[in-house]
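Observations on the three-dimensional arrangement
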Amino acid sequence: MNSNLDLLQPYPFQKLRKLFENLTHKADLSPINLHIGEPKHATPDFIRQAMVDHLHRLSNYPTTQGMPELRQSIADWIVRRFNVPAINPDTEIIPVNGSREALFSFAQAVIDTAATPAPYVVCPNPFYQIYEGAALLGGASPQYINTTADNAFKLDFSQLHNTAWSRTQLIYVCNPNNPTGSVMSLDEWRQLFEISDRYGCIIAADECYSEIYFNENSPPLGALTAAHQLGRAGFPRLVVFNSLSKRSNVPGLRSGFVAGDAQILEKYLLYRTYHGCAMNPAAQAASIAAWSDETHVAENRCLYTRKFSEATTRLSGATAAQMPDAGFYLWYKTPISDTDFTMQLRRDYNVTVLPGSYLGREVHGVNPGKNYVRIALVAPLVECIEAIDRIKSLLNDLSRA
């Protein structure tokens, strides 16, 4: 077996199951699960119908590069959404089976294990665990940049010294961030591009939450937009990952794309040809329909906006919930340890959230996820309101203790 498998930590939800072992909960309260970032809004009918209408295509092998019509629909969406003048659907876009699959396999294609000294992969802390696993199984050492409330959860690139950056081959950024909800500014992108130019590292920008935001007139700044505004023609050393799962409420479709530097994507396409991960033709047809429509996306945002408005209002007070820049997570600071808070909430109120420490690593003596919980506001509005009221009851219990 690959010895690097021994370096992997249990996935956060495995840790959560372990935490809840032998834990009872009140049977008179219905369970509300807000620990997994799985969209629960209804899949639009027109997307499902597009898949049904093209089931006959299952009789054909799909190509790794996907249908030209799919790549064109993605290119058209990128131009509309990110205000770039053009993107080449034949050389700068590859359809993928969801962003998770691509974020992992990309590191396997990019990391050069023959490099001396051994390579580094940088990611924010706390973080989506796929970044760390991809680095370790790709033969690299993960390096972390702590994001904390003191710095508005922004990336402070100075936390890593020049010697570390000189060994860095790949840096993952999550924009909007999971779990903190922060969005990178143009100045942050400028700093990151300067690091990429200086040290030659590739940027993997995970933007799967880019379409969940709360001001229709102010969508999150994307990596491709930032590159264009800063005059970076051809998106050098930049690859962006996006997905329909959150945008269009189709997590089971497993459909997304990577876009950016054509030279990198040429090599990544070669890797994928051997990897064997082409998207099935019916899913491609459904994806074309989804990328071509914005009405359902705006309606989706309205649902999240209502839930966040209710949640932040009901949790107002000394431990108020902070509205994220974007995404569907509340990154909530707990008055006691995050694991104790999670256990008491499950035991006494039958609501499940995720301890923030499970999403972080201790770096420089600090786990920046400690004493936070991630609350995924993915359930229907009524359930989210009920869950928030139960959380408020727990907070009242703790204040009286």
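Residues numbered from 1 in each chain as written. Predicted model: local features only at pLDDT ≥ 70, side-chain atom pairs only at ≥ 80, totals over all residues. Heavy atoms only, no water.

The name given to the chain in an unreviewed UniProt entry is Succinyldiaminopimelate aminotransferase apoenzyme, with the source organism recorded as Nitrosomonas marina. Recorded in UniProt under Cofactor (unreviewed entry), the annotation for the chain is "pyridoxal 5'-phosphate". (UniProt positions renumbered as here; feature names shortened; annotations may be inferred.)

Helix and strand content of the chain: 14 helices and twelve strands. A compact globule built from 401 residues would reach a C-alpha radius of gyration of about 21 Å, and the chain, at 21 Å, matches this within 12%. Taken along the three principal axes of its C-alpha coordinates, the chain extends 60 × 55 × 45 Å. Of all 401 residues assigned to the chain, the portion counted as buried reaches 54%. In the chain, 76% of the contacts between residues at least 6 apart in sequence involve partners at least 24 apart. With an accessible surface of roughly 17100 Å², the chain has 51% of that area assigned to carbon and sulfur atoms. Counting 35 positive and 38 negative side-chain charges, the chain places the centres of these two groups 4 Å from one another. (Helix = DSSP H or I, 4+ residues; strand = E, 2+ residues; numbered from the N terminus. Rg over C-alpha atoms; globule rule 2.2 N^0.38 Å. Buried < 20%, exposed > 50% of the residue type's maximum accessible area, 1.4 Å probe, protein only. Contact = heavy atoms within 4.5 Å. Areas by Shrake-Rupley, 256 points an atom, 1.4 Å probe, with all protein chains shown as cover. Lys, Arg positive; Asp, Glu negative; His and termini not counted. Charge placed at Lys NZ, Arg CZ, Asp CG, Glu CD.)

Attention now goes to the state of the cysteines. Enumeration according to the criterion identifies zero disulfides in this entry. You can see Cys-201 has no disulfide; the closest cysteine sulfur is in Cys-123, sitting 13 Å from it. Looking at Cys-201, the relative accessible area reads 0%, which means it is buried. Of all cysteine sulfurs, the one in Cys-208 lies closest to Cys-277, which takes part in no disulfide; the gap is 18 Å. By relative accessible area, which is 9% here, Cys-277 ends up buried. (Disulfide = S-S within 2.5 Å.)

Inspection of the entire model under this criterion finds 20 aromatic pairs. For the ring pair Tyr-128 and Tyr-131, a centre distance of 5.7 Å and an interplane angle of 90° mean the geometry is edge-to-face. An angle of 80° between the planes, with centres 6.2 Å apart, marks the rings of Phe-153 and Tyr-372 as edge-to-face. Within this pair, whereas Phe-153 is found in the loop between strand E4 (141-146) and helix H6 (162-167), its partner Tyr-372 is found in strand E12 (residues 372-376), the two being separated by 219 residues in sequence. Residue Tyr-372 is classed as buried on the basis of its relative accessible area of 10%. Here the aromatic residues Trp-77, Phe-82, Phe-257 and Trp-291 are joined through ring pairs into a cluster of three or more. Its end group placed over the ring of Tyr-349, Lys-26 keeps NZ or CZ at 5.7 Å from the ring centre. (Phe/Tyr/Trp six-rings, centres within 6.5 Å; stacked < 30°, edge-to-face > 60°. Lys NZ or Arg CZ within 6 Å of the ring centre and 35° of its normal.)

Strand order across the open sheet formed by three strands is E9-E12-E11, with antiparallel pairing between neighbours. Strands at the two margins of the open sheet, each flanked by one partner only, are strand E9 (329-333) and strand E11 (354-355). Taken together, the five bridges between E9 and E12 define a ladder with antiparallel strand orientation. Paired with Trp-331 across the bridge in E12 is Arg-374. (Pairing = 2+ DSSP bridges.)

Counting 45 residues, the largest nonpolar core has Ile-78, Val-173, Trp-189 and Leu-238 as its most contacted members. Setting aside its immediate chain neighbours within four residues, Ile-78 contacts Asn-83, Val-84, Ile-87, Ile-93, Leu-224, Phe-257 and Ala-259. In terms of nonpolar packing, the next biggest core, distinct from the first, is built from 31 residues, Ile-32, Phe-308, Leu-315 and Ala-379 among them. (Core = buried A, V, L, I, M, F, W, Y, C linked by side-chain atoms within 4.5 Å.)

Where helix H13 (residues 338-349) meets helix H14 (residues 381-400), the axes come as close as 10 Å, and the angle between the chain directions of the two elements is 110°. As summarised for this structure, H13 and H14 are arranged roughly perpendicular, according to the angle between their axes. Seen along the crossing, H13 lies across H14 with a hand that is right-handed. Facing Phe-341, Gln-344, Leu-345 and Tyr-349 of H13, the residues of H14 in contact are Arg-390, Ile-391, Ser-393, Leu-394, Leu-395, Asp-397 and Leu-398. (Axes fitted to C-alpha atoms, helices over the stretch in contact; angles between N-to-C directions. Parallel < 35°, antiparallel > 145°, perpendicular 65-115°, else oblique. Left-handed = near helix turned anticlockwise from the far one by under 90°.)

Of all six residues in strand E7 (residues 238-243), six are buried; the element is thus mostly enclosed. Here E7 shows two buried faces, one formed by Leu-238, Val-240 and Asn-242 and the other by Val-239, Phe-241 and Ser-243. One ladder, built from four bridges, connects strand E6 (residues 202-206) with E7; its direction is parallel. What sits directly across from Asp-206, in E7, is Phe-241. Each parallel crossover has a hand, and the one from E6 via helix H8 (residues 223-229) to E7 is right-handed. (Right-handed = clockwise from strand over helix to strand, strands pointing away.)

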